[in-house]
Amino acid sequence: MDIRALSYIVAESTAPHDWSAFGEQVIGLAATALPHGGVALKADERLGRIFVEPGPQDRYHASGWELANEAAFEQALTQLAAAGTAFTRASREEAARRGVLGLARFQDPAGNRHELTWGYCSDFNRFQSPAGVPRFVTGAMGMGHTVLPAPNFDETCAFFTNVLGFGLADLMIHRPGGPGGPEMRIHFMHVGNARHHSLALFEGEVPSGCVHIMFEYESMDELGRALDRAIATKARLTATLGRHVNDGVTSFYCATPGGFSIELGWGGRQMDWSTHTVFESTSVSLWGHDFSLGFKNAT
Ligand SMILES: [Fe+2]
């Protein structure tokens, strides 16, 4: 399966306006109210990179994965069927809500919801950030990344690798009780672009449905301005500024209205997968990233 990128994520919200305010004032996205009551948060020429659906809970809903064209989409659905994974095709109206030309839904073995899409529909109006962010690192690199729970870790990793065609970039083994104690693995996985990871799977339960999502700015100053905005709007910081060992991203974390964190970063490595060797890192970060502020496992 030739998944190109993480296209978008979907959050369920009891108060979509909270996401509009957070998206505009902290991240620097542009919010558009959608006719059915949802919100699209725009980062580039696409309709949205975060979609907010009204609902009874504040949580993560789904991850949207992009295929290049209809033929790749149909082939992907054939591969899902061959693997015994049930899927449903969305209506044209449902696909239009995500700004895509075709959409199907399925769940991974851990119960995380996913949307496979092909194509996009855009008016190509210039992205205008209410916070003055010139641009986000998206395009072929996709929206950013998402970190999802996978308590049934081996089965879920095998599904992403063998059925969806994801590749392992590197891994960490979290030992919350210290050496010799229980282990929780984190696998960082890439799709068909140069972003170090579009998905990480975490071997644990996460009630909100997501550990964190990540957006990337194009300069250190834009990251610094985002941190200024997070502090000015009294957003709840969940990790201090730091730099990750594996993807090289300098970032901080704060809580979203969805009950999960967002990592706002800059400077992600662009990978050449033909020369990459998988490794295990025993440290999350070169410096910083004090997660004692919030989620302990928000790598
Ligand atoms: Fe991250």
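Remember, it's a predicted structure, so these values are computed and weren't measured experimentally. (Residues numbered from 1 in each chain as written. Predicted model: local features only at pLDDT ≥ 70, side-chain atom pairs only at ≥ 80, totals over all residues.)

Q: Help me understand the overall build of the protein in this model?
A: In terms of helices and strands, the protein carries 5 helices and 18 strands. The long-range share in the protein, meaning contacts at least 24 apart out of those at least 6 apart in sequence, stands at 67%. (Helix = DSSP H or I, 4+ residues; strand = E, 2+ residues; numbered from the N terminus. Contact = placed C-beta atoms within 7 Å.)

Q: Mind showing me how you'd approach the sheet that holds strand S1 (residues 5-13) here?
A: Strand pairing in a sheet relies on backbone hydrogen bonds, with the paired strands running either antiparallel or parallel. Taken in spatial order, the 8 strands line up as S2-S3-S4-S1-S5-S8-S7-S6 in an open sheet, and their pairing is mixed. Two strands in the sheet have a free side with no partner beyond their single neighbour: strand S2 (30-33) and strand S6 (87-89). Going across the sheet, the axis of each strand differs from the next one's by a mean of 25 degrees, ignoring polarity. Note that S1 and strand S4 (residues 50-54) share 5 bridges and pair parallel. Paired with Val10 across the two strands is Phe51, which belongs to S4. (Pairing = 2+ DSSP bridges. Axes fitted to C-alpha atoms, helices over the stretch in contact; angles between N-to-C directions.)

Q: In this structure, what is going on with unusual backbone geometry? I would like to understand it.
A: For residues besides glycine, phi is generally negative; the peptide bonds are generally trans as well. A positive phi angle, near 60 degrees, is found at Lys234, a position not held by glycine. Along the chain, Lys234 falls in the loop between helix H5 (220-232) and strand S14 (237-244). For His289, which is not glycine, the phi torsion reads 55 degrees and is therefore positive. Note that His289 resides in the segment after strand S18 (285-288).

Q: What am I meant to see in the sheet that holds S18 here?
A: Strand order in this open sheet of 10 strands is S17-S10-S11-S12-S9-S13-S16-S15-S14-S18, and the pairing throughout is mixed. This sheet does not close on itself; its edge strands, each paired only once, are strand S17 (279-280) and S18. In terms of strand pairing, strand S11 (residues 184-190) meets strand S12 (residues 199-202) through 4 bridges, oriented antiparallel. Bridged to Met189 within S12 is Leu199.

Q: Before we go on, may I ask you to explain the domain arrangement of the protein in this structure?
A: Much of the literature gives interface size as the accessible area that the parts lose upon coming together. Split into domains, the protein comes out as domain 1 (5-118) and domain 2 (139-293). On the domain 2 side, the residues contacting the 29 residues of domain 1 number 38 residues. Counting only elements with at least two residues in the side of domain 1 that touches domain 2, the list comes to S1, helix H1 (16-27), strand S5 (59-67) and helix H2 (70-82). With 7 residues, S1 is the largest single contributor of residues to the side of domain 1 that touches domain 2. Looking at the side of domain 1 that touches domain 2 residue by residue, the class counts come to 15 nonpolar, 8 polar and 6 charged. (Domains from an automatic or database assignment. Nonpolar A, V, L, I, M, F, W, Y, C, P; charged D, E, K, R; others polar.)

Q: Is there a simple way to think about helix H4 (residues 153-163) in this case?
A: Owing to its 3.6 residues per turn, the α-helix brings residues three or four apart onto one side. For H4, the set of buried residues is Thr156, Cys157, Phe159 and Phe160. When H4 is viewed along its axis, its buried side chains cluster within an angular range of 155 degrees and face the same direction. Looking at H4, the residues exposed on the side facing more than 90 degrees away from the buried face are Asp154, Glu155, Ala158 and Asn162. For H4, the elements touching its buried residues are S11 and S12. Once H4 ends, the next one or two residues include Gly165, with phi positive near 80 degrees. (Buried ≥ 20, exposed ≤ 12 C-beta atoms within 10 Å, placed from the backbone. Arc of directions from axis to C-beta.)

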